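# Architecture and fold: a report
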Amino acid sequence: MDGAKHAARLPRRLNRAIRAARLFVDVEQLWAAARWPLLVLCLFLILALAGILPRLPAALHALVLAGFAGSFLYAGYRAFRGFRPAGRSQALQRLEADSGFSHAPLQGLDDRLAGGGDDPFTRALWKRHQARLAVLAEQTRLTPPRSQLPRLDPWAIRAAVVLLLAVALVDAEGRIGQRLTEALVPGVAAREGAEAITATLWIEPPAYTRLPPRMIEAGGERTIVPIGSQALLQVHHLPPGEAAPAVVFEGTSLAATRLGEASAEARLDVLHDGDLIVQGEEGAEIARFLLAAQPDRRPGIRSEGEPAITLRNALEIGWSGDDDYGLVSVALEIEPVEGGRAPERIALKSLPEQPREAKGRSYLDTTPHPLAGAQVRLVLVAVDAAGQEGRSEPIVLTLPERSFEHPVARAIIEQRKDLAADPQEREAVADVLDQLAGTQMMEDLPASVPLSLNSAAERLRRGEISEAELESVLEQLWETALFVEEGQMATAERDMRRLQEELERALAEGRDDTEIERLMDELQEAMNRYLDELTRQALAEAMRDPEALERALRQQLEQPPGAPDPNMVDRQDLQDMLDRAREMLKSGSREAAEQMLSQLREMMENLQAQLPMPQGAPTPGEQALSDLQEAIRRQQMLQDEAFRMDRQMNGAQQPGQEGQEGQQGQEGQPQMTPQQLAQLQEMLRRELGRIMEGLAEQGMELPDQLGQAELQMRGAEGQLQQGSPGAATDPQGQAMALMQEAGRGIMDQMREQMGQGQGQGPGRASGSQPGMPGRDRAGWQRDPLGRSQEGMGGADTDSTAVPDEAALGRARAVLEELYRRSGDPRRPRMELDYYDRLLERF
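These notes cover the structure that comes with them. All of these numbers come straight from a predicted model, not from anything done at the bench. (Residues numbered from 1 in each chain as written. Predicted model: local features only at pLDDT ≥ 70, side-chain atom pairs only at ≥ 80, totals over all residues. Heavy atoms only, no water.)

### Observations concerning the overall build of the chain
Threshold: By definition, any uninterrupted DSSP run of H or I lasting at least four residues is a helix, any uninterrupted run of E lasting at least two residues is a strand, and each is numbered from the N terminus. What makes two residues a contact is simply this: any of their non-hydrogen atoms within 4.5 Å. Throughout, the Shrake-Rupley method with a 1.4 Å probe supplies accessible areas, and for residues the shown protein chains are the sole cover considered.
Each helix and strand counted, the chain has 25 helices and 19 strands in total. Restricting to contacts in the chain with at least 6 residues of sequence separation, those with at least 24 account for 69%. For the chain, the accessible surface area stands at approximately 46,400 Å², while carbon and sulfur atoms represent 52% of it.

Now the structure itself:
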């Protein structure tokens, strides 16, 4: 662009820059000049917002205000008296300084040609000079206004003033207008003291409600609070020397206690609806709080279904309850239908977590109860944290009674019943016990039996005995009769039930893991003793009745192959359930462990003593299903190995994983390559082909899923050959799913061949009881939870909510990995917090 064009548009652009420069110069001068008036104003605001000025006497307050006003006006006058708006020359100087020009070139824009205007050469030279100045003017820059305070205040006193002002603003939060008014008008704080009185009410609900304290606003709608709540009323900003305000709740005056010079408080328990009124001098109302006391309703409790009697003569009761603030315990009250015996309460469940809703099943061994065999009235009782009780509808039934075969045991139980029915006849009962201890039948019993009978008789002859002593004698007679009838069997059963109840309480109360582990060890030993005694009892019964044993064996041989007794349970099954409960506790699944132990107890209560019967050889179809299950298990192992190998291969590239993943290779242990794993996959695929050939030889229709599973195995093998174990896990999982689906199809074919595929739904086998092992729709043996056993079909058509061993192993591995990562200080803080939140759930 030539100089003529620059010169043409120069005036408009330059004028805008000059106006902006003049404004910036004026702002800088005004800001520097206003430092002293602003300092005076900030000091006043600090004293006013801090509440210092209203505390001064009115005369001194007025004098200070006059001093601040005079100082402000004088500082303003001195600061602005020499102020003059910036002119064009100052603006051009500012532009030249910001643009870095020297020798004041922009000043020459206002020059005029003095002479020589008639000379063409002079005019051309002058235009060339003007064009050069115009081009230079296009390069001007203007910086924002700059503060002169750093130069004028080298000690940075302004920073301390601003900090004090910020502190005063925070202190006066919510009362800035009030404090400014009090600071500007001397004596206004004293005149408005009565209007500034404030009252707050805090409500603290009873501890059993587990509700937090809350603050109630004055006026408004009526506020609902739990009955029995404690109310704390606080009144602030009382005038000095004035008495505490009057506090009235529904016509009842409450004592208000002074707190310091300007506050007071009063307390009351909210037991009914009412208005809490705070009154000042001459009865003026300061505040009114509207309260409504909400009563704590009684807990609800009901029976879930009819009570049942287990095979071990225990009473099984299902219940469910609820409460508005939480239940603490559930009990059972037993009362005879006829007679004057007082009701007896037996604890069923303690609920330390106070759930608002709870349900469960409880087992009671009522055979030792004095009312065993009589009609009784049962009432479920729920207790909440406030001590209130809720009762269910009564249930009338005959309390389970134990039948005794041994004549001595029957005689002891008869005397026990007589003593429980009429304690006044204890002398006659003691004589009969002594006679019974001296009979010839005692020669065949251990010496402890007659000693126990003589001891009980002596205790009954001591004159008046308390109710507790009478109960102790009744318990002694019961234990003696059980020992005569069953020997060590009774002691083993009692110990097992006691440990089951103690373990349930420990889990419900959240006791230490060490104590729970100890109880589980003791329970395992008690279960083993009980099962040993149960087996000995079955052997003794078989020896007494050989014909019955022969009939049982004949019945076993007549059963179809692979269809054992549905009421048969193996010791290993019970051991596996207890081991799974341990694994659940280690992985943090306490609720699942409680469910498993409840199922175990249900099985033990319904357990019958039977001799182990010989099992027939598996049919070819059963063997094929067993082989298919083994193939599924091996495929799972290969998938786990591929997943582990993929993590090891990728883990070396992730930060924070050095030394964690792939340590096995560093310790000298051999490492499997993807190609070796592909060879194992090929071997498994061939094994599946042999299974398919075996099924075809049996004349069974091959499910399409087996062919699809073989194709998925080929795909997994190809991925492993290419060194991609991570990509092989998906087809491996697909192969497992297809084999399981094929197993279900094979089982359906076998049911049809056996003629047992109709008339039964997918539920529990006919004749099997809840919690007992049984047969499925094809007659296959099922474990205590109703699932197909190992080697008896492999593919389960039913589902269960209890995790299997593989799921527990994966859960434990995940938990250990979370603990390992949460303890790594090299990981980011956000990641560690995430792991901590996950671990809180365990």
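### Quick look at the sheet that holds strand E1 (residues 198-204)
Going by this rule: Here, strands pair whenever DSSP counts at least two bridges between them. Under this scheme, a helix contributes an axis fitted over its contacting stretch, all axes are lines through C-alpha atoms, and angles between N-to-C directions fall in the 0 to 180 degree range.
Taken in spatial order, the five strands of this open sheet run E2-E1-E4-E8-E7, and their pairing is antiparallel. Two strands close off the open sheet at either side, each with one partner strand: strand E2 (214-216) and strand E7 (257-259). Ignoring strand direction, the axes of neighbouring strands in this sheet form an average angle of 30°. For E7 and strand E8 (residues 263-270), the ladder comprises three bridges, and the chain directions are antiparallel. Bridge assignment links threonine 257 to a residue of E8, and that residue is glutamate 265.

### Overview of the packing of helix H2 (residues 35-49) against helix H7 (residues 157-171)
The test is simple: An angle below 35 degrees is treated as roughly parallel, one above 145 as roughly antiparallel, one from 65 to 115 as roughly perpendicular, and anything else as oblique. Less than a right angle of anticlockwise turn of the near helix away from the far helix marks a crossing as left-handed, whereas a clockwise turn marks it as right-handed. Under this grouping Gly is polar, as are all residues other than the nonpolar Ala, Val, Leu, Ile, Met, Phe, Trp, Tyr, Cys and Pro and the charged Asp, Glu, Lys and Arg.
In the contact formed by H2 and H7, the axes pass within 9 Å of each other and the chain directions differ by 30°. Our classification of the angle between H2 and H7 gives roughly parallel. As H2 runs across H7, the sense of the crossing is left-handed. Contacts between H2 and H7 involve Leu39, Cys42, Leu45, Ile46 and Leu49 on the former and, on the latter, Val161, Leu164, Leu165, Ala168, Leu169 and Asp171. Looking at the contact of H2 with H7 residue by residue, the classes come out as ten nonpolar, no polar and one charged.

### Some details on the side chain of glutamate 333
Spelled out, the test is: In this scheme, a residue with accessible area under 20% of its type's maximum is buried, one over 50% is exposed, and one in between is partly exposed, where area comes from a 1.4 Å probe on protein chains only. We define a polar contact as two N or O atoms separated by no more than 3.5 Å, with the added condition that, inside protein, one atom must be a possible hydrogen donor and the other a possible acceptor, whereas residues neighbouring each other in sequence contribute only through side-chain atom pairs.
Checked against the element boundaries, glutamate 333 lands in strand E14 (residues 327-336). Judged by relative accessible area, which is 12%, glutamate 333 ranks as buried. Within the structure, glutamate 333 has its side chain in polar contact with the side chain of arginine 345 (distance 3.1 Å).

### Structural notes on the packing of aromatic side chains
To keep things clear, this is the line we draw: Working definition: a ring pair exists when centres of Phe, Tyr or Trp rings (six-membered ring for Trp) sit within 6.5 Å. Plane angles under 30 degrees give stacked, over 60 give edge-to-face, the rest tilted.
Evaluated as defined, the whole model comprises two aromatic pairs. On the basis of an interplanar angle of 65° and a centroid distance of 5.6 Å, the ring pair of phenylalanine 44 and phenylalanine 68 is categorised as edge-to-face. With phenylalanine 44 in helix H2 and phenylalanine 68 in helix H3 (residues 58-80), the pair connects residues that are 24 residues apart, well separated along the chain. According to the relative accessible area criterion, phenylalanine 44 is buried, its value standing at 11%. Phenylalanine 68 sits in the buried class, given a relative accessible area of 18%. Both rings, one in tyrosine 208 and one in tyrosine 325, keep their centres 6.0 Å apart while their planes meet at 75°; by these two values the pair is edge-to-face. Linking tyrosine 208 in the loop between E1 and E2 with tyrosine 325 in the loop between strand E13 (315-322) and E14, this pair joins segments that are 117 residues apart in sequence. Since its relative accessible area comes to 19%, tyrosine 208 is described here as buried. Judged by relative accessible area, tyrosine 325 falls into the buried class, the value being 8%.

### So, empty space enclosed by the protein
The condition that has to hold: Method remark: on a 1 Å grid restricted to protein atoms, a set of points is classed as a cavity if a 1.4 Å probe fits but cannot get out and as a pocket if it is open with protein on both sides within 12 Å along at least five of seven lines; lining residues have an atom within 4 Å of a point. Grid points are joined across faces, edges and corners, and a volume is the space filled by probe spheres set on the points.
As enumerated under the stated definition, the model contains two cavities of 30 Å³ or more in all. Take the lining of the largest cavity: its biggest share by element is four residues, from helix H10 (residues 407-421). By residue class, the composition of the lining of the largest cavity is six nonpolar, two polar and four charged. Considered as a void within the structure, the second largest cavity measures approximately 50 Å³ in volume. What lines the second largest cavity is simply Gln500, Leu503, Glu504, Leu523, Leu597, Leu600 and Arg601.

### Re a nonpolar patch on the surface
Short version of the rule: To count toward a patch, a residue needs a relative accessible area over 30% and no salt bridge; like charges are then connected within 9 Å, while nonpolar side chains (Val, Leu, Ile, Met, Phe, Trp, Tyr) are connected within 5 Å. Salt bridge, as applied in this entry: a Lys or Arg side-chain nitrogen positioned within 4 Å of an Asp or Glu carboxyl oxygen.
On the surface, Trp31, Leu38, Leu41, Phe72 and Leu73 cluster together to form a nonpolar patch covering roughly 470 Å² of accessible area. Take phenylalanine 72: it is sitting in helix H3.

### Describing the pattern of salt bridges
Evaluation of the coordinates by the stated rule reveals 23 salt bridges. Aspartate 431 is the salt-bridge partner of arginine 461, the closest N and O atoms lying 2.8 Å from each other. Within this pair, whereas arginine 461 is found in the loop between helix H12 (448-460) and helix H13 (467-486), its partner aspartate 431 is found in helix H11 (residues 426-437), the two being separated by 30 residues in sequence. Among the residues examined, arginine 461 registers a relative accessible area of 27% and is labelled partly exposed. Two residues, arginine 685 and glutamate 682, come together in a salt bridge whose shortest N-O distance is 2.6 Å. Of this pair, arginine 685 and glutamate 682 both sit in helix H21 (residues 674-697), separated by three residues, roughly a single helical turn. Grouping residues by exposure puts arginine 685 and glutamate 682 together as buried.

### Examining unusual backbone geometry
Look at arginine 210: it is not a glycine, yet its phi comes out positive at around 55°. You can see arginine 210 is positioned in the loop between E1 and E2. By relative accessible area, which is 47% here, arginine 210 ends up partly exposed. Even without being glycine, histidine 237 reaches a positive phi, approximately 65°. Within the secondary structure, histidine 237 is located in the loop between strand E4 (229-236) and strand E5 (246-249). Histidine 237 gets classed as partly exposed once you look at its relative accessible area, which sits at 38%.

### Considering H12
Formally: To estimate how far a helix should extend, the number of its residues minus one is multiplied by 1.5 Å.
Over its 13 residues, H12 extends 18 Å from the first C-alpha to the last, a length consistent with the 18 Å expected when each residue adds 1.5 Å. In this structure, the buried residues of H12 make contact with H10, H11 and H13.

### Digging into a negative patch on the surface
Basically, it comes down to this: Note on charges: Lys and Arg go in the positive column, Asp and Glu in the negative column, and His and the chain ends are not counted at all. One atom stands in for each charge, and that atom is NZ of Lys, CZ of Arg, CG of Asp or CD of Glu.
A cluster of acidic residues, Glu414, Asp418, Asp422 and Glu425, forms a negative patch on the protein surface. When you line up the elements, glutamate 425 lands in the loop between H10 and H11. A relative accessible area of 40% means that glutamate 425 is categorised as partly exposed.

### Things to note about the pairing of strand E19 (residues 395-398)
It is a general feature of regular strands that their side chains alternate between the two faces of the sheet. Side-chain alternation along E19 places Ile395 and Leu397 on a buried face and Val396 and Thr398 on a face that remains uncovered. Examined bridge by bridge, strand E17 (residues 375-384) and E19 share four bridges and lie antiparallel to one another. Across the sheet, the residue bridging to leucine 378 is isoleucine 395, located in E19.

### Structural notes on the sheet that holds E5
The mixed open sheet is built from five strands, whose spatial order is E3-E10-E9-E5-E6. Edge positions in the sheet fall to strand E3 (223-226) and strand E6 (252-254), since each of these pairs with one other strand and no more. Going from strand to strand, the sheet's axes swing by 30° on average, the running direction of each strand aside. Two strands pair when backbone bridges link them, and strand E9 (residues 274-279) and strand E10 (residues 285-294) are joined in this way by six bridges, in the antiparallel orientation. Within E10, the residue paired with aspartate 275 across the bridge is leucine 290.

### Observations regarding the environment of glutamine 639
Looking at the secondary structure, you find glutamine 639 in helix H19 (residues 620-651). In this structure, the C-alpha to C-alpha distance between glutamine 639 and glutamine 732, residues 93 residues apart in sequence, is 6.1 Å.

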